[in-house]
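One-letter residues, chain by chain:
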Amino acid sequence: KYSKINISPFFFKFVLGFEVANFLQTKKGSTQLLDSDGYVYKRSSNHGLNLYWSCRNKDKQKCLARAITDQNNFVTAWKGVHNHPPNLQDCDIILN
């Protein structure tokens with residue numbers, strides 16, 4: 001079940017032009033990345049000091065949207081376009 005959400009643009013912070021990553025915790029306890037439009041990303045891999053994230057709906061809906069964060073929890077890249085509505089769920093807990 002997906003619900004329409006309103007996330008204040010002031011919730012998302014920028015430092016020296018970089019977006020500070022925002023995380024949530026799922027009901028199963030995993031930490032996932034949240035973007036300002038209400039899309040959620042699960043961690044897919046890490047290389048060096050970067051974490052790579054893929055859309056939570058990658059497998060279900062073949063969504064190719066991705067993100068990269070660095071060791072300081074800044075988003076360094078958003079890539080791709082979602083092919084579905086925002087996927088933040090009511091049971092997700094926003095951590096920061």
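Residues numbered from 1 in each chain as written. Predicted model: local features only at pLDDT ≥ 70, side-chain atom pairs only at ≥ 80, totals over all residues. Heavy atoms only, no water.

Draft legend 1. Focus on the overall build of the protein chain. If you tally the helices and strands in the protein chain, you get one helix and nine strands. Scored against the burial criterion, the 96 residues of the protein chain give a buried share of 35%. Considering only residue pairs separated by 6 or more positions, the protein chain has 47% of its internal contacts joining residues 24 or more positions apart. Total accessible area computed for the protein chain in this model is approximately 6,200 Å², and 55% of it derives from carbon and sulfur atoms. (Helix = DSSP H or I, 4+ residues; strand = E, 2+ residues; numbered from the N terminus. Buried < 20%, exposed > 50% of the residue type's maximum accessible area, 1.4 Å probe, protein only. Contact = heavy atoms within 4.5 Å. Areas by Shrake-Rupley, 256 points an atom, 1.4 Å probe, with all protein chains shown as cover.)

Draft legend 2. Region of interest: the environment of Phe 74. Within the fold, Phe 74 resides in strand S8 (residues 74–79). Take Phe 74: its relative accessible area is 18%, and that puts it in the buried class. As for Phe 74 and Val 20, which are separated by 54 residues in sequence, their C-alpha atoms are 4.6 Å apart.

Draft legend 3. Inspection of the side chain of Asp 92 at higher detail. Note on placement: Asp 92 falls in the loop between S8 and strand S9 (93–94). Within the local environment of Asp 92, its side chain forms a polar contact with the side chain of Arg 56, the two groups lying 3.1 Å apart. Looking at Asp 92, its side chain comes within polar contact range of the main-chain nitrogen of Gln 89, at 2.9 Å. Ignoring any residue separated from it by four or fewer positions in sequence, one finds Asp 92 in contact with Leu 24, Gln 25, Thr 26, Val 40, Arg 56 and Asn 87. (Polar contact = N/O pair within 3.5 Å; in protein donor to acceptor, adjacent residues only side chain to side chain.)

Draft legend 4. Structural view of the state of the cysteines. Applying the stated rule across the entire model yields zero disulfides. Left without a disulfide partner, Cys 55 is nearest to the cysteine sulfur of Cys 63, which lies 3.7 Å away. Classification of Cys 55 as buried rests on a relative accessible area of 0%. Overall, the relative accessible area of 2% leaves Cys 63 in the buried class. (Disulfide = S-S within 2.5 Å.)

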